[in-house]
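These are the residues of each chain, in order.
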Amino acid sequence: MSRNRCDGLLARVDFPLYTLQTLTNRHVLVAGGGGASNTGVANGFEIFELSHNGNRFVAEEVMRHETGPNVVMTCSVRGIQNRTYLTAGQESHCQLYKVNIRMVDAAEMRRGSFRAENGLVRRRRRTVSENANISKKDNNSNTTEKRISFEIRPCESVQTDFGNDPLQRVVRISHNCKLMATGGIDTKIRVWSFPKMELMFVLEGHTKELDDLDFSPCDGNLVSIGKDGLANIWSTASKRPPLLKLTCQPPNGNKYLFRRCRFGLIEEQKGAYRMFTIANPLARSGKQKGLIQMWDPKDGQLKKAVLVAESLSALAVRDDGRYVGVGTMFSGSVDIYVAFSLQRVLHVSNAHMMFVTGLEFLPVCGYGPPITSRSEAALLSISVDNCLCVHSLPYRSTVPAWVAILLIIFVLFCTFMLCSYLGI
């Protein structure tokens with residue numbers, strides 16, 4: 001059951017969460033489910049609207065879309081020409097959805113009477129006291145107040161994996177919304193025209209299943225991560241061999257395998273970007289230390305590497321490239337790093353009861369007005385513990401002007417007294 005929660009735990013849904021995307025500066029989509037077996041656990045999406053009450057972040061459920069027997073393991077969201085598209089990995093297929101953004105009366109949304117035309121939206125039942133409070137709000141509110149709501153409409157579906165036990169592991173839409181890339185068990189990367197979902201070409205460079213994909217900010221390159229230990233960087237222009245083949249370079253000499261990859265802008269250099277990866281040790285014995293690495297994707301040079309206390313499961317880079325977020329495998333902890341130095345600036349221990357399955361920063365360059373808060377950055381996280389959480393990085397403390405003035409006066413006074421004592 002979804003609830004309004006404050007900073008830390010934002011919401012708890014009734015199914016395990018596997019993927020997380022931001023729709024606007026204020027709206028976040030989570031997805032997952034219990035699978036096709038008759039367990040009674042739902043499959044689908046939930047959308048929440050985030051706000052800040054002056055002290056903490058708060059989440060309010062906007063809508064829910066159930067996907068029947070198909071669990072959603074991965075998804076990607078992009079907007080093009082005032083239209084928003086959502087692609088979701090469902091077993092061996094990739095399902096395309098159109099996300100229609102609508103302005104509706106706030107009173108209607110609070111009463112729960114708004115329904116998407118596909119009829120699959122379900123809102124939780126409210127208690128008598130909640131309904132009384134809602135009626136009181138409606139009587140006191142301006143009837144012309146509008147809120148953003150969403151309709152999720154299923155469109156085309158294409159098979160994207162053709163292995164013996166086919167499963168799409170990852171899907172990404174390019175920033176310009178012209179390409180879509182998918183990868184899965186059969187080791188092949190398929191590049192599709194978007195949103196027509198027509199296969200353009202297949203890239204073959206991995207010997208084991210794919211774990212992650214990401215488009216560069218200019219959409220000219222695509223990076224792929226596989227369980228064969230390779231991170232391949234491809235040109236998206238045509239079907240060619242990889243431009244670069246990278247292998248993990250741990251500082252302790254142990255064998256590591258890449259787990260996730262993300263590109264990130266370089267703030268001080270217009271049009272330039274870095275690449276970040278997380279990797280885990282291949283050995284299962286002893287204390288496992290994860291690894292965060294920063295690469296130059298043009299020449300494949302490793303620029304910086306940081307060992308962390310445990311294996312890692314999730315990676316995110318903020319849209320302006322300033323911060324990197326990681327989630328851990330065993331303790332469910334979340335960390336935020338400064339991108340250019342990989343210096344850790346926030347650690348949230350045991351943020352989840354189980355491993356972190358997804359991370360996304362609240363955007364600073366996204367659609368709609370940003371949330372006004374007291375945070376320099378806010379990182380959203382999900383897990384199979386059914387929870388959506390937020391982790392805030394407060395602005396670095398500064399010395400007030402009056403304190404600085406007093407310190408200057410005090411230093412000048414001490415200097416004068418010392419000079420007088422020494423007879424200078």
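Refer to the structure above for everything that follows.
Residues numbered from 1 in each chain as written. Predicted model: local features only at pLDDT ≥ 70, side-chain atom pairs only at ≥ 80, totals over all residues. Heavy atoms only, no water.

Caption draft 1: Broad picture of the side chain of glutamine 293. Tracing the chain through its elements places glutamine 293 in strand S20 (residues 291–296). Engagement of the side chain of glutamine 293 in a polar contact is seen with the backbone oxygen of glutamine 249, the distance being 3.1 Å. (Helix = DSSP H or I, 4+ residues; strand = E, 2+ residues; numbered from the N terminus. Polar contact = N/O pair within 3.5 Å; in protein donor to acceptor, adjacent residues only side chain to side chain.)

Caption draft 2: How the structure looks around the pairing of strand S24 (residues 334–338). Burial analysis of S24 places 5 of its 5 residues in the buried class, which makes it a mostly covered element. The side-chain alternation of S24 yields two buried faces, one formed by Val334, Ile336 and Val338 and the other by Asp335 and Tyr337. The hairpin turn running from strand S23 (residues 323–328) into S24, its antiparallel successor, is 5 residues long, and glycine 332 in that turn takes a positive phi close to 70°. Hairpin connection of S24 to strand S25 (residues 343–348): 4 residues between the antiparallel strands, including leucine 342 at a positive phi of 55°. (Buried < 20%, exposed > 50% of the residue type's maximum accessible area, 1.4 Å probe, protein only. Pairing = 2+ DSSP bridges.)

Caption draft 3: Structural detail: the pattern of salt bridges. Counted by the stated rule, this structure contains 13 salt bridges. With a closest N to O distance of 3.7 Å, arginine 153 and glutamate 151 form a salt bridge. A relative accessible area of 31% means that arginine 153 is categorised as partly exposed. On the basis of relative accessibility, which here comes to 4%, the residue glutamate 151 falls in the buried class. Where aspartate 320 meets arginine 318, a salt bridge forms, and the shortest distance between an N and an O atom there is 2.8 Å. Exposure remark for aspartate 320: the relative accessible area of 14% places this residue in the buried category. Looking at arginine 318, the relative accessible area reads 6%, which means it is buried. (Salt bridge = Lys/Arg side-chain N within 4 Å of Asp/Glu carboxyl O.)

Caption draft 4: Molecular detail of the sheet that holds strand S18 (residues 256–265). Spatial ordering of the open sheet is given by S18-S19-S20-S21, a layout of 4 strands whose pairing is antiparallel. Two strands close off the open sheet at either side, each with one partner strand: S18 and strand S21 (301–307). Taken over all neighbouring pairs, the strand axes of this sheet differ in orientation by 20° on average, direction set aside. In this structure, S18 lies alongside strand S19 (residues 273–281), joined through 9 bridges in antiparallel fashion. Bridged to arginine 262 within S19 is phenylalanine 276. (Axes fitted to C-alpha atoms, helices over the stretch in contact; angles between N-to-C directions.)

Caption draft 5: Spatial organisation of the pairing of strand S12 (residues 189–193). Counting buried residues in S12 gives 5 out of 5 residues, a clear majority hidden from the surface. Residues of S12 alternate between two faces, with Ile189, Val191 and Ser193 on one and Arg190 and Trp192 on the opposite face, all of them buried. Summarising the sheet, strand S11 (residues 179–184) and S12 pair through 5 bridges and their orientation is antiparallel. Looking at the pairing, threonine 182 lines up with arginine 190 of S12. Linking S11 back to S12 in an antiparallel pair, the connection comprises 4 residues, with threonine 187 at a positive phi of about 75°. Two elements, S12 and strand S13 (residues 198–203), share 5 bridges in a ladder whose sense is antiparallel. Its bridge partner lying in S13, serine 193 is registered against glutamate 198. Linkage of S12 to S13, two consecutive antiparallel strands, is achieved through a turn of 4 residues, within which methionine 197 is found at a positive phi near 60°.

Caption draft 6: Just a nonpolar patch on the surface, in detail. The grouping of Trp402, Ile405, Leu406 and Ile409 at the surface amounts to a nonpolar patch, some 460 Å² of accessible area in total. A residue is classified by how much of its surface remains accessible, and tryptophan 402, at 58% relative accessible area, is exposed. (Patch = residues over 30% accessible without salt bridge, like charges linked within 9 Å, V, L, I, M, F, W, Y side chains within 5 Å. Areas by Shrake-Rupley, 256 points an atom, 1.4 Å probe, with all protein chains shown as cover.)

Geometry only, nothing functional implied.
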